[in-house]
Amino acid sequence: MVAAVKEAQQAGKPVAPKLPAQPAKPKLPVKEQKVTRRSFWQMLSSVTISPFAVAWTVMATIGGVWSLAAARFLMPNMVRELPSKFKVGAISDYPPNAVSEKYTASRGVWIVNTDQYNGQPLLYSLLAICTHLGCTPSWLSGEQKFKCPCHGSGFYITGINFEGPAPRPLERVGLTLGADGLLEVDKSLKFQEELGQWSDPKSYVELG
Ligand code: FES
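Residues numbered from 1 in each chain as written. Predicted model: local features only at pLDDT ≥ 70, side-chain atom pairs only at ≥ 80, totals over all residues. Heavy atoms only, no water.

**Considering the packing of aromatic side chains**
In step 1: Under the counting rule described, the total for this entry stands at five aromatic pairs.
In step 2: Residues Trp110 and Phe146 carry aromatic rings whose centres are separated by 4.3 Å and whose planes lie at 45° to one another, so their mutual orientation is tilted. Of this pair, Trp110 sits in strand β3 (residues 109-114) while Phe146 sits in strand β6 (residues 145-147); the two residues are 36 residues apart in sequence, bridging distant segments of the chain.
In step 3: Pairing Trp139 with Phe146 gives two aromatic rings, centres 4.7 Å apart and planes at 55°, and the pair type is tilted. Take Trp139 and Phe146: they sit in the same class, and that class is buried.
In step 4: Joined through ring pairs, the aromatic side chains of Trp110, Trp139 and Phe146 make up one cluster.
In step 5: Across the ring face of Tyr117, the terminal group of Arg172 is positioned such that the distance to the ring centre comes to 5.1 Å.
In step 6: Note that Arg172 overlies the ring of Tyr124, its terminal NZ or CZ placed 4.3 Å from the centroid. (Phe/Tyr/Trp six-rings, centres within 6.5 Å; stacked < 30°, edge-to-face > 60°. Helix = DSSP H or I, 4+ residues; strand = E, 2+ residues; numbered from the N terminus. Buried < 20%, exposed > 50% of the residue type's maximum accessible area, 1.4 Å probe, protein only. Lys NZ or Arg CZ within 6 Å of the ring centre and 35° of its normal.)

**Description of the state of the cysteines**
Note on terminology: a disulfide is the covalent bond linking the sulfur atoms of two cysteines.
In step 1: Taken as a whole and judged by the stated rule, the model has one disulfide.
In step 2: Each sulfur in the disulfide pair Cys135 and Cys150 lies 1.9 Å from the other. On the sign convention where negative is left-handed, the bridge of Cys135 and Cys150, at about -95° about the S-S bond, is left-handed. Of this pair, Cys135 sits in the loop between β4 (122-127) and β5 (138-140) while Cys150 is found in the loop between β6 and β7 (154-156), placing the two residues 15 residues apart along the sequence.
In step 3: Judged by relative accessible area, which is 21%, Cys135 ranks as partly exposed. (Disulfide = S-S within 2.5 Å.)

**Some points on the pattern of salt bridges**
When their charged atoms lie close together, side chains carrying opposite charge are able to pair.
In step 1: Scanning the entire structure with this criterion turns up six salt bridges.
In step 2: Asp180 serves as the salt-bridge partner of Lys87, at 3.1 Å between the closest nitrogen and oxygen. Separated by 93 residues along the polypeptide, Lys87 in strand β1 (residues 85-87) and Asp180 in the loop between β9 (172-177) and β10 (183-191) bring together distant segments of the chain.
In step 3: Within this structure, Glu143, Lys145, Lys147 and Glu163 form a network of salt bridges that share partners. (Salt bridge = Lys/Arg side-chain N within 4 Å of Asp/Glu carboxyl O.)

**Some points on the pairing of β9**
In step 1: Direction of pairing for β4 relative to β9: antiparallel, over a ladder of two bridges. Looking at the pairing, Leu126 lines up with Arg172 of β9.
In step 2: Two elements, β9 and β10, share six bridges in a ladder whose sense is antiparallel. The partner of Arg172 across the bridge, within β10, is Phe191.
In step 3: Counted along the chain from β9 to the antiparallel partner β10, the turn is five residues long, and its residue Gly181 has a positive phi close to 80°. (Pairing = 2+ DSSP bridges.)

Take a look at the structure:
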């Protein structure tokens, strides 16, 4: 190439000027692939709505429901009932002509000391359930009666109904005096006055 130029110069031919070398083109940097919010959700939705994902989700849901049902069937009932028998203290804890509400909220019974039922001083336990539709009456000491807030039934201290729609007296539950000198209520035993069951010695404790 240089020799050819020299020959052309010697022959008096015009020679084209030498062009400067072109600078090397800089390599373009590889574009970073930005994961935009939109592309992320597009990617996620393409995964989640694929048939495989749908089938897997359905199968997992059904499996989970079956597992829960099986566990519920196999596990013992965790709702614990309170024992029907429980101690309520000594006779001296219950003064005459009074209704004790000590166990009404927690165990649903009153302990009554009175001689108004048959002239004998007795201790007995009344179930705090109205015999009309099952509401919980209140003891009104000023009026010496149990009063049901639902429909107005009233019961004497004896438990006998005298006003309102209640069709029969309150029920007694078992009450006995143990060898340890403590009274014990047994809610598994029920005694209804209209059936003559209040004469059962398990339904009261006779006092002095
Ligand atoms: S439930 Fe007690 S009066 Fe109706």
